[in-house]
Amino acid sequence: MNKSTAYTYINKNGKKVAGTAAHLHRVYTEMGGVDKYNKMVNSEHIKELAFRGLDIACIIIKSVMKVKRF
């Protein structure tokens, strides 16, 4: 999965915040709670699964086409 769920930010004191504190800040203040975060993560997983499924389907089609040529 890509790094779209990784998050850092600069706090009001000018310090970089990363890790668990940044993640919780994003989930509860910017995204509006756990439910919205879960929906975002699930949609990312579905996109990844769809892309991998397409890749597998292309490989299968190419192998079938090679067999039919010979």
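So, how was this worked out
- Residues numbered from 1 in each chain as written.
- Predicted model: local features only at pLDDT ≥ 70, side-chain atom pairs only at ≥ 80, totals over all residues.
- Heavy atoms only, no water.
- pLDDT = per-residue confidence, 0-100.
- Helix = DSSP H or I, 4+ residues; strand = E, 2+ residues; numbered from the N terminus.
- Phe/Tyr/Trp six-rings, centres within 6.5 Å; stacked < 30°, edge-to-face > 60°.
- Buried < 20%, exposed > 50% of the residue type's maximum accessible area, 1.4 Å probe, protein only.
- Arc of directions from axis to C-beta.
- Patch = residues over 30% accessible without salt bridge, like charges linked within 9 Å, V, L, I, M, F, W, Y side chains within 5 Å.
- Areas by Shrake-Rupley, 256 points an atom, 1.4 Å probe, with all protein chains shown as cover.
- Salt bridge = Lys/Arg side-chain N within 4 Å of Asp/Glu carboxyl O.

Looking at the confidence of the model for the protein chain
The pLDDT averaged across the protein chain works out to 81; a share of 89% of its residues lies at or above 70. Of all helices and strands in the protein chain, the one with the weakest mean pLDDT is helix α2 (residues 34-69) (80), whereas strand β2 (residues 16-17) scores best (92).

Notes on the packing of aromatic side chains
Applying the stated criterion across every chain, the model contains 1 aromatic pair. Ring geometry for Tyr7 and Tyr9: centres 6.0 Å apart, planes at 20 degrees, overall stacked. What makes Tyr7 partly exposed here is its relative accessible area of 22%.

A look at helix α1 (residues 20-30)
For α1, the set of buried residues is Ala22, Arg26 and Val27. Taken down its axis, α1 places every buried residue within 130 degrees of arc, on the same side. Projecting away from the buried face of α1 at angles above 90 degrees are the exposed residues Thr20, Tyr28 and Thr29. Following α1 by one or two positions, Gly32 has its phi on the positive side, about 90 degrees.

Thoughts on a nonpolar patch on the surface
A cluster of nonpolar residues, Leu24, Tyr28 and Val34, forms a patch on the protein surface that exposes about 280 Å² of accessible area. Within the fold, Val34 resides in helix α2. Judged by relative accessible area, Val34 falls into the partly exposed class, the value being 36%.

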